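# Commentary on secondary and tertiary structure
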Amino acid sequence: MLGAAVAWFLRVPQPVVASVMAFGAGVLISALAFDLVDEAEATGGLTATVLGFLGGAVVYVAANVALARRGARHRKRSGDQQPSEHEQGGSGAAIAIGALLDGIPESVVLGLSLLSGDGVGVAVLFAIFISNLPEGLSSAAGMKQNGRGARYVFGVWIGIAVLSGLAGLLGVLLLQGASPVLIATITAVAAGAILAMVADTMIPEAFERTHLYTGLIATVGFVLAFGVERMG
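Residues numbered from 1 in each chain as written. Predicted model: local features only at pLDDT ≥ 70, side-chain atom pairs only at ≥ 80, totals over all residues. Heavy atoms only, no water.

## Structural notes on the UniProt feature "transmembrane region" (unreviewed entry) in the protein
Operational definition: UniProt positions are given in the numbering used here, feature names are shortened, and annotations may be inferred rather than shown by experiment. Numbering of helices and strands runs from the N terminus, with a helix taken as a DSSP run of H or I at least four residues long and a strand as a DSSP run of E at least two residues long.
In this numbering, the UniProt entry assigns the feature "transmembrane region" (unreviewed entry) to residues 42-67, 108-130, 150-174, 181-199 and 211-228. The span residues 181-199 is 100% helical and 0% strand by assignment, and the distance between its end C-alpha atoms comes to 27 Å. Its end C-alpha atoms 27 Å apart, residues 211-228 is made of 83% helix and 0% strand.

The structure is reproduced here in structure tokens:
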């Protein structure tokens, strides 16, 4: 919501948006490697983690391909790549569903981090916040540029915020007392979906504007998130 509000009321240069997107991609990759996947393997074993991780990526990519064909391919782009409803009927709904698809795995992981009884995982929360800010900013800027009104833009992001919160809540309520293997598998599924999302949507948007600096910016995000995880 914060990113969408900034994009609607302020004109943020696209290279700045792309730079934050690259940074957020690095942060998420760090959280996946050192928090989610590592924890899943430690509690559920290598087989469950690998199968869950690959399964999450496959499911995400399949859903993403289906939505891309309906107009959601460029849902995180801040320029004029997003189609208008006039150019492709149903693209508005596809973009909204695609944005929700990107957010649900992160929310499930955040909910699962509460099951340990130690509170929300700080590293995961930091990674999700940093990555979601440019996602909302870039996507909302693209929606605005292609003629979608404030009611649509803020309706989409309020809906995503609510549904993502519910996904995190369900992740806690439905898995209380579940076996470590099951929790590890679901964590790995969500992690695989997040990595596929980063590679398919965040990095392309970042590279389009920051080009050869994308890797450096993502590396800074990775190292910062790693430091937060170790200090936490």
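## Remarks on the nonpolar core
To keep it simple, the criterion reads: By convention a nonpolar core is built from buried Ala, Val, Leu, Ile, Met, Phe, Trp, Tyr and Cys residues, the set being connected through side-chain atoms within 4.5 Å. Each residue is assigned to one of three classes by its accessible area relative to the maximum for its type, calculated with a 1.4 Å probe on protein chains only: buried under 20%, partly exposed between the two thresholds, exposed over 50%. We call two residues in contact whenever any of their non-hydrogen atoms come within 4.5 Å of each other.
Counting 25 residues, the largest nonpolar core has L28, L36, I194, M197, V198 and M202 as the members making the most contacts within it. Looking at this core, the elements that each hand over two or more residues are α2 (14-44), α5 (122-145) and α7 (180-210). With residues up to four places along the chain from it excluded, the contact list for L36 reads A31, V109, V124, T187, A191 and I194. Core analysis: the next-biggest nonpolar cluster, separate from the first, contains 13 residues, W8, A99, A140 and F154 among them.

## Examining unusual backbone geometry
Across residues other than glycine, the phi torsion is negative in most instances, and most of the peptide bonds are trans. Backbone geometry at H211 places phi at a positive 50°, although glycine is not the residue there. In this structure, H211 sits in the loop between α7 and α8 (214-231). By relative accessible area, which is 42% here, H211 ends up partly exposed.

## Focus on α8
Filter applied, for reference: Here the expected span of a helix is defined as 1.5 Å times the quantity of residues minus one. The directions considered for the arc run from the helix axis to the C-beta atoms.
Between its first and last C-alpha atoms α8 spans 26 Å; for 18 residues at 1.5 Å apiece the expected length is 26 Å, and the two agree. Listed in full, the buried residues belonging to α8 are T214, A218, G221, A225, V228 and E229. The buried residues of α8 occupy an angular sector of 100° when projected down its axis, which confines them to one face. Across α8 from its buried face, at more than 90 degrees, point the exposed residues L216, V223 and M231. Buried residues belonging to α8 abut α2, α5 and α7.

## Let's talk about empty space enclosed by the protein
Once rolled over the atoms, a probe with the size of a water molecule shows which space is left empty. As a reminder, the rule being used: A cavity, in this analysis, means grid points on a 1 Å lattice covering only the protein atoms where a 1.4 Å probe fits yet has no way out; a pocket is instead an open set bounded by protein on both sides within 12 Å along at least five of seven lines, and a residue lines either one if it has an atom within 4 Å of a point. Grid points are joined across faces, edges and corners, and a volume is the space filled by probe spheres set on the points.
Within this structure, the stated rule accounts for 1 cavity of 30 Å³ or more. If you trace the largest cavity, you find it lined by L28, A31, L32, L36, V109, V124, A127, I128 and I194. Counting only elements with at least two residues in the lining of the largest cavity, the list comes to α2 and α5. No other element matches the 4 residues that α2 contributes to the lining of the largest cavity.

## A few points about the side chain of T201
Rules: Here a polar contact is recorded for every N or O atom pair within 3.5 Å, except that within protein the pair must consist of a potential hydrogen donor and a potential acceptor, and residues adjacent in sequence are included only if both atoms are side-chain atoms.
Along the chain, T201 falls in helix α7. Owing to a relative accessible area of 6%, T201 belongs among the buried residues under this scheme. At 2.7 Å, the side chain of T201 forms a polar contact with the backbone oxygen of M197.

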